[in-house]
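Here is what each chain is made of, one letter per residue.
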Amino acid sequence: SLQGRYLHVSDYACELLRYDREELLRFKPGQLSQRSETEQAAKVERFRREGKATGRAPVRRKDGTVIELEYSAFRTSVGGEEGFVSVAKLPEPAR
């Protein structure tokens, strides 16, 4: 949402990050990121300015392990309300 809250998380996200749905919904976007605060703030500012972002990010699982995710995010409007949609997955193995 534009208020910086997750409105929905998938079963895949719960399984991948090892949190239950209610736990993940309490996080704000970026809270699980393992980027420095400066780098994270710059990424968020660029995303807000451009309305889209793609890349890879280190993310902390519930057990403390860190995994790298590939993500794509964009601004959208549904039913007249603006918000953001993001999709993340494990990167494909190098070939």
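Every value quoted in this text rests on a predicted model; they were computed, and no experiment measured them.

## Here's the deal with the nonpolar core
Then, number 1: In this structure, L17, Y19, L24, L32, V59 and L69 are the most contacted members of the largest nonpolar core, which totals 13 residues.
Then, number 2: Within the residue set of this core, elements represented by two or more residues are helix 1 (11-17), strand 1 (52-60) and strand 2 (66-78).
Then, number 3: When near neighbours in sequence (up to four residues on either side) are disregarded, L32 contacts L17, Y19, L24, F27, P58, V59 and R60.

## Examining the sheet that holds strand 2
Then, number 1: Read across the open sheet, the three strands follow the order 1-2-3; overall the sheet is antiparallel. Of all the strands in the sheet, the pair left with one neighbour each is strand 1 and strand 3 (81-89). In this sheet, adjacent strand axes meet at a mean angle of 30° when their direction is disregarded.
Then, number 2: The pairing of strand 1 with strand 2 spans nine bridges and is classified as antiparallel. Counterpart to V59 in the pairing with strand 2 is I67.
Then, number 3: The sheet strands contacting helix 3 (residues 37-50) are strand 1, strand 2 and strand 3, and the helix crosses strand 2 at an angle near 30°.

## Things to note about helix 3
Then, number 1: End to end, helix 3 covers 20 Å across 14 residues, agreeing with the expected 20 Å (1.5 Å per residue, within 8%).
Then, number 2: Remark: G51 follows helix 3 within two positions and exhibits a positive phi of approximately 80°.

Thresholds applied
- Residues numbered from 1 in each chain as written.
- Predicted model: local features only at pLDDT ≥ 70, side-chain atom pairs only at ≥ 80, totals over all residues.
- Heavy atoms only, no water.
- Core = buried A, V, L, I, M, F, W, Y, C linked by side-chain atoms within 4.5 Å.
- Buried < 20%, exposed > 50% of the residue type's maximum accessible area, 1.4 Å probe, protein only.
- Helix = DSSP H or I, 4+ residues; strand = E, 2+ residues; numbered from the N terminus.
- Contact = heavy atoms within 4.5 Å.
- Pairing = 2+ DSSP bridges.
- Axes fitted to C-alpha atoms, helices over the stretch in contact; angles between N-to-C directions.
- Expected span 1.5 Å × (residues − 1).

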